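Descriptive analysis of the structure
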Amino acid sequence: MKVRSSLRSLARQPGAQVIRRGTKVVVINKDNPRSKARQG
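Calculation rules
Position numbers for residues start from 1 in each chain and track the written sequence from start to end. Given that the model is predicted, a residue must reach a pLDDT of at least 70 before its local features are reported, and side-chain atom pairs must reach 80 or more before they are shown or counted; all residues, however, enter totals for whole chains, interfaces and linings. Excluded from the side-chain calculations are hydrogens and water; all other atoms, namely the structure's heavy atoms, are used. Two strands make a pair as long as DSSP finds a minimum of two bridges between them. In DSSP terms, a helix is any run of H or I states spanning at least four residues, a strand is any run of E spanning at least two, and both are numbered starting from the N terminus. Here an axis means a line fitted to C-alpha atoms, over the contact stretch when the element is a helix, while the angle between two N-to-C directions is reported on a 0 to 180 degree scale.

**Focus on the sheet that holds strand β4 (residues 37–39)**
Taking strand neighbours across the sheet as the criterion, the four strands line up as β1-β4-β3-β2 in an open arrangement whose pairing is mixed. A strand with exactly one partner marks an edge of an open sheet, and here the two such strands are β1 (2–4) and β2 (16–21). Each neighbouring strand pair of the sheet contributes to a mean axis angle of 25°, computed without reference to strand direction. Across three bridges, β1 lies against β4 in parallel orientation. Counterpart to Val3 in the pairing with β4 is Arg38.

Take a look at the structure:
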């Protein structure tokens, strides 16, 4: 999982979902499981 300051480019990928886990914003992708990231 990558830690990034901006998740916009990953969130626009097909199959991406933006999720809040507590205070963290996380992007997961079922279509491409390698593109996971959290913001912070």
